[in-house]
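Chain by chain, the residues run as shown.
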Amino acid sequence: MITEKLKTDRENYAGTVARAAEILKNGGTAAIPTETVYGLAASACDAEAVKKIFAAKGRPQDNPLIVHISNMEMLKRVACDIPESAIRCAEKFWPGPLTMIFKRTGYTADSVSAGLDTVAVRMPNHKTALDIIEKADLPLAAPSANTSGSPSPTTALHVQADLDGKIDAIVYDGECAVGVESTVISFCCEPPRILRPGAVTPEQLREIIPDVTVDKAVLSKPRDDERVASPGMKYKHYAPKTDCFLVEGESDAFAEFVNGQKNAVAVCFFEESDGIKIHKLIYGKKSDESTLAHELFAVLRKVDRSGADKAYIHAPSKKGVGLAVYNRLIRAAGFKVIKL
Ligand code: TXA
Ligand code: MG
């Protein structure tokens, strides 16, 4: 299949929004930008269209998709039993990088929820995404627009590298501002539980839901036989092909450790980079978790292009959005952590 390439510069914008909406209304697939990562969208109400998402990504059938909406009326079409605290989260964080899980109505296709009786919903904070959803007047199922298991795409070129020829269109719209996928919180348990950390932090959610909990799968490896609340958490995710290790310790110890490694690449902080004598990739300042999040997936893709056999990645702090970065990295490393 030939993937249409749709541009978003001023003279093409209206035509691109209209064309993407038309493709989606007709049961096709289109990669669209959001503020977190690019999503591979299809109508959430069309089971045949949803099948195309799973096929293009090679996504396991038991991993449900997030439904993207552009207004609160759409939320009521797709979800029910929405508690008051969730409405307050929507007021504070939507549009934005927060996905909320509720009991589902029958409005979206069963396959979107992979057989669960719940639905994950998000209103993205991205003008192009919102305009396409409004124009299509459809809730859009959209997982990250990468091949299943590889790092999430934060530019349209990342999408192209993974999915060109496998989907109907790609909307080209620059870099994603946040760089890690949305925070996922379930309101189908009491108290509500964070299943995946993102740019909306546990600290921020605690201001609205004081007893919110963080699922233990966020930082630890689920056992093979364990039922995880968020199926996506059980897969080795976000992984480059290179063998990755997450390394915890101070800058001096990190430099000494990596300098003794052969055929390896170090993923390090800006402040310590001078001391690192092997091939290195810098993913931001240690104290600036937002930049680390923004650079994370591009750096993981560069790890694979480096030609190294092994990658040693200096672990970030778990503060703020750092928790989301740590969560993605520990999965990229297949839970292999080296403590110095
Ligand atoms: O920022 C994001 O969330 C991006 C952009 C495109 O919006 N999307 C994204 O989708 O990251 P995906 O499919 O890569 O991740 C969705 C996560 C998975 O871990 C999945 O298991 C979980 O959300 N999920 C979706 N529906 C769920 C449900 N009903 N119950 C539990 N977990 C659910
Ligand atoms: Mg994903």
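For clarity, every value in this text was computed on a predicted model and none was experimentally measured.

Q: Could you clarify how one ought to interpret the overall build of the protein chain in this entry?
A: The helix and strand tally for the protein chain stands at ten helices and 17 strands. Going through the 340 residues of the protein chain one by one, you find that 57% of them count as buried. Summed over its atoms, the accessible surface of the protein chain is roughly 14,200 Å², and 50% of this surface lies on carbon and sulfur atoms. Looking at the protein chain, you have 44 positive and 44 negative side-chain charges, and the mean spots of the two groups are 3 Å apart.

Q: I keep staring at the domain arrangement of the protein chain and nothing clicks. Help me out?
A: Where the parts come together, the accessible area they lose is often given as the size of the interface. For the protein chain, the assigned domains are domain 1 (4-218) and domain 2 (243-339). Relative to domain 2, the C-alpha centre of domain 1 lies at a distance of 28 Å. Listed per partner, the contact involves 27 residues of domain 1 and 15 residues of domain 2. Buried area between domain 1 and domain 2, both sides added, is near 1,500 Å², and the carbon and sulfur share of it is 57%. Broken down residue by residue, the surface that domain 1 buries against domain 2 is led by Pro 151, Val 180 and Pro 197, which jointly contribute 31%. As a salt-bridge pair, Arg 328 and Glu 181 come within 2.7 Å of each other at their nearest N and O atoms. Within the residue set of the side of domain 1 that touches domain 2, elements represented by two or more residues are helix H6 (156-163) and helix H7 (202-206).

Q: Honestly, the nonpolar core in this entry has me stumped. Any pointers?
A: Buried together is how nonpolar side chains tend to be arranged in soluble globular proteins. In terms of nonpolar packing, the biggest core is built from 67 residues, with Cys 89, Trp 94, Leu 98, Met 100 and Leu 205 touching the most fellow members. Leave out the neighbours within four places in its chain, and Leu 205 touches Cys 89, Phe 93, Leu 98, Thr 183, Ile 185, Ile 194, Val 200 and Val 212. By size, the runner-up hydrophobic cluster in this structure holds 30 residues, among which are Cys 244, Val 267, Ile 313 and Ala 315.

Q: Would you mind showing me how to read the pattern of salt bridges here?
A: Pairs can form between side chains of opposite charge once their charged atoms are near each other. In this structure the tally under the stated criterion is 15 salt bridges. One salt bridge connects Arg 77 with Glu 73, and the closest N-O pair in it is separated by 3.1 Å. Taken as a pair, Arg 77 and Glu 73 lie in helix H3 (residues 72-78) at a separation of four residues, close to a single helical turn. For Glu 73, a relative accessible area of 47% puts it in the partly exposed group. Through salt bridges that share partners, Glu 4, Arg 19 and Glu 22 make up one connected network.

Q: What is the right way to look at the packing of aromatic side chains in this model?
A: Any pair of aromatic rings gets described here by the distance separating the centres and the angle formed by the planes. What the rule picks out here adds up to four aromatic pairs. Considering the side-chain rings of Phe 257 and Tyr 312, the 5.2 Å spacing of their centres and the 85 degrees angle between planes classify their relative orientation as edge-to-face. You can see Phe 257 sitting in helix H8 (residues 251-259) and its partner Tyr 312 sitting in strand S16 (residues 310-314), a full 55 residues away along the chain. The exposure class of Tyr 312 is buried, given its relative accessible area of 5%. Grouped by ring-pair contacts, the aromatic residues Phe 245, Phe 257 and Tyr 312 constitute a single cluster. For Lys 318, the ring lying beneath its charged end belongs to Tyr 326, and the centroid distance is 4.7 Å. Taking the ring centre of Phe 245 as reference, the NZ or CZ of Lys 336 above it sits at 5.0 Å.

Q: Can you walk me through the side chain of Thr 128 in this structure?
A: In this structure, Thr 128 sits in helix H5 (residues 127-136). What Thr 128 contacts, discounting residues up to four positions off in sequence, is Thr 8, Tyr 13, Pro 33, Val 171 and Asp 173.

Q: What's the story with helix H4 (residues 84-93) in this structure? I'm lost.
A: The α-helix winds at 3.6 residues per turn, so residues separated by three or four positions along the chain end up facing the same way. Of the positions making up H4, those classed as buried are Ser 85, Ala 86, Cys 89, Ala 90 and Phe 93. Looking straight down H4, one finds that the buried residues subtend no more than 145 degrees of arc, so they occupy a single side. Projecting away from the buried face of H4 at angles above 90 degrees are the exposed residues Glu 84 and Glu 91. Looking at the buried residues of H4, the elements they touch are H3, strand S6 (98-104) and H7.

Q: Before we go on, may I ask you to explain the packing of helix H9 (residues 289-305) against helix H10 (residues 322-332) in this structure?
A: A packed helix pair is summarised by two numbers, namely the angle formed by the two axes and the spacing between the axes. For the pair H9 and H10, the least separation of the axes is 8 Å and the interaxial angle reads 25 degrees. Relative to H10, the element H9 lies roughly parallel. Of the two elements, H9 crosses H10, and the hand of that crossing is left-handed. Here Glu 289, Leu 292, Ala 293, Leu 296, Phe 297 and Leu 300 of H9 come into contact with H10, specifically with Gly 322, Val 325, Arg 328, Leu 329 and Ala 332. Looking at the contact of H9 with H10, its residues break down into eight nonpolar, one polar and two charged.

Q: I would appreciate a short explanation of the environment of Glu 134 in the present structure.
A: If you trace the backbone, Glu 134 turns up in helix H5. Residue classification places Glu 134 among the partly exposed residues on the basis of a relative accessible area of 42%. Glu 134 sits 64 residues away from Ser 70 along the chain, and the two C-alpha atoms are 6.2 Å apart. Looking at Glu 134, its side chain comes within polar contact range of the side chain of Ser 70, at 2.6 Å.

Calculation notes
- Residues numbered from 1 in each chain as written.
- Chains lettered and ligands numbered in written order.
- Predicted model: local features only at pLDDT ≥ 70, side-chain atom pairs only at ≥ 80, totals over all residues.
- Heavy atoms only, no water.
- Helix = DSSP H or I, 4+ residues; strand = E, 2+ residues; numbered from the N terminus.
- Buried < 20%, exposed > 50% of the residue type's maximum accessible area, 1.4 Å probe, protein only.
- Areas by Shrake-Rupley, 256 points an atom, 1.4 Å probe, with all protein chains shown as cover.
- Lys, Arg positive; Asp, Glu negative; His and termini not counted.
- Charge placed at Lys NZ, Arg CZ, Asp CG, Glu CD.
- Domains from an automatic or database assignment.
- Contact = heavy atoms within 4.5 Å.
- Buried area = accessible area lost by both parts, 1.4 Å probe.
- Salt bridge = Lys/Arg side-chain N within 4 Å of Asp/Glu carboxyl O.
- Core = buried A, V, L, I, M, F, W, Y, C linked by side-chain atoms within 4.5 Å.
- Phe/Tyr/Trp six-rings, centres within 6.5 Å; stacked < 30°, edge-to-face > 60°.
- Lys NZ or Arg CZ within 6 Å of the ring centre and 35° of its normal.
- Arc of directions from axis to C-beta.
- Axes fitted to C-alpha atoms, helices over the stretch in contact; angles between N-to-C directions.
- Parallel < 35°, antiparallel > 145°, perpendicular 65-115°, else oblique.
- Left-handed = near helix turned anticlockwise from the far one by under 90°.
- Nonpolar A, V, L, I, M, F, W, Y, C, P; charged D, E, K, R; others polar.
- Polar contact = N/O pair within 3.5 Å; in protein donor to acceptor, adjacent residues only side chain to side chain.

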